[in-house]
Amino acid sequence: MGGQAMSISLYPHQEQFIRDLRQAMTTADSVLGQAMTGFGKTVVASAIAHSATSKGKRVIFTVHRGNLMDQTAGTFTEFGIPHGFIAAGTRYEDQHQVAVASIATLTRCLAVIPAPDLRGIGEAHLALAATWAKVINFYRERGTKILGFTATPRRLDGRPLSDLFASLVLGPS
């Protein structure tokens, strides 16, 4: 990452969660990481994105609301991760290895944005919605690893997320 140092320190339980997620991703193309609210899932996602970019990988992290885009972008900035945006009113710039995306815009731009090596998903319990599933399956077919994060690994209607995620990694209780 061009020598930029992270300004965030991870807690031991976050480091263990990252190790567990990485282990699961060695055998699964899509992994769901579940950790309680306040655990620091965005921090964990940022640490993983930082590591991926240091290896030359491209990352798109997708969220469903503008305030989550801002939160994610702020955490990426704290990690020293240069990033762009895929959202209404922005122009996608391919020079960034990392992009923070709104699901609504990403869904409309699939044909023009190159598939990343890793696609992160915030609030992944929403992923069974048609637009989310379309994007996940589109990228999975192109070899992208999918890594979702949620505090609740079940939809409000009770449907499991196993249709989209091959593996579940539980954070500490």
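Let us look at the structure shown here. None of these values were measured; they are calculated from a predicted model.

1. Notes on the environment of Pro160
Tracing the sequence through the fold places Pro160 in the loop between strand 6 (145-150) and strand 7 (167-170). Among the residues examined, Pro160 registers a relative accessible area of 41% and is labelled partly exposed. Taking the C-alpha atoms as reference points, Pro160 and His125, 35 residues apart in sequence, are found 8.7 Å from one another. Those residues in contact with Pro160 that lie beyond four places of it in its chain are Leu128 and Arg154.

2. Observations regarding the side chain of Gln14
For Gln14, the position within the fold is in helix 1 (residues 12-25). The exposure class of Gln14 is buried, given its relative accessible area of 3%. Here Phe39 takes part through its backbone oxygen, which lies 2.9 Å from a polar atom of the side chain of Gln14.

3. A closer look at the sheet that holds strand 1 (residues 30-34)
Here 7 strands make up an open sheet; going across it, the order is 3-4-2-5-6-1-7 and the pairing parallel. Edge positions in the sheet fall to strand 3 (83-86) and strand 7, since each of these pairs with one other strand and no more. Geometrically, the sheet is characterised by an average inter-axis angle of 20 degrees between neighbouring strands, direction not taken into account. The pairing of strand 5 (residues 118-121) with strand 6 spans 4 bridges and is classified as parallel. Note that in strand 6 the partner of Gly120 across the bridge is Leu147. Contacts from helix 5 (residues 130-140) reach strand 1, strand 2 (59-63), strand 5 and strand 6 within the one sheet, and its direction differs from that of strand 5 by about 160 degrees.

4. Quick notes on the side chain of Thr144
Assignment of secondary structure puts Thr144 in the loop between helix 5 and strand 6. At 2.5 Å, the side chain of Thr144 and the backbone oxygen of Pro116 are in polar contact.

5. Examining the packing of helix 1 against helix 2 (residues 41-54)
For the pair helix 1 and helix 2, interaxial distance at closest approach is 10 Å and the crossing angle is 55 degrees. When the axes of helix 1 and helix 2 are compared, the pair comes out oblique. Between helix 1 and helix 2 the crossing geometry is right-handed. Every residue of helix 2 that contacts helix 1 at Gln14, Phe17, Ile18, Leu21 and Arg22 is listed here: Val43, Val44, Ala47, Ile48 and Ser51. Counted by class, the contact of helix 1 with helix 2 contains 7 nonpolar, 2 polar and 1 charged residues.

6. A closer look at the nonpolar core
Counting residues in each nonpolar core, the largest one holds 33 residues, and the members touching the most others are Phe17, Leu21, Val31, Val44, Ile48, Leu147 and Phe149. The set of elements that each furnish at least two residues to this core consists of helix 1, helix 2, strand 2, helix 3 (66-78), strand 4 (98-102) and strand 6. Discounting chain neighbours no more than four positions away, the residues touching Leu147 are Leu21, Met25, Val31, Ile48, Leu118, Arg119, Gly120 and Ile121. In this structure, Ile113, Ala133, Tyr139 and Leu164 belong to the second largest nonpolar core, which totals 23 residues.

7. With respect to helix 3
Here helix 3 spans 19 Å end to end across 13 residues, near enough to the 18 Å set by a 1.5 Å rise per residue. Turning to helix 3, its buried residues are Leu68, Met69, Thr72, Ala73, Thr75 and Phe76. The buried side chains of helix 3 occupy one side of the element, clustering within an arc of 160 degrees when seen end-on. Exposed residues lying more than 90 degrees from the buried face of helix 3 are Asp70 and Thr77. At its buried positions, helix 3 is contacted by helix 2, strand 2, strand 3 and strand 4.

The rules behind the values
Residues numbered from 1 in each chain as written. Predicted model: local features only at pLDDT ≥ 70, side-chain atom pairs only at ≥ 80, totals over all residues. Heavy atoms only, no water. Helix = DSSP H or I, 4+ residues; strand = E, 2+ residues; numbered from the N terminus. Buried < 20%, exposed > 50% of the residue type's maximum accessible area, 1.4 Å probe, protein only. Contact = heavy atoms within 4.5 Å. Polar contact = N/O pair within 3.5 Å; in protein donor to acceptor, adjacent residues only side chain to side chain. Pairing = 2+ DSSP bridges. Axes fitted to C-alpha atoms, helices over the stretch in contact; angles between N-to-C directions. Parallel < 35°, antiparallel > 145°, perpendicular 65-115°, else oblique. Left-handed = near helix turned anticlockwise from the far one by under 90°. Nonpolar A, V, L, I, M, F, W, Y, C, P; charged D, E, K, R; others polar. Core = buried A, V, L, I, M, F, W, Y, C linked by side-chain atoms within 4.5 Å. Expected span 1.5 Å × (residues − 1). Arc of directions from axis to C-beta.

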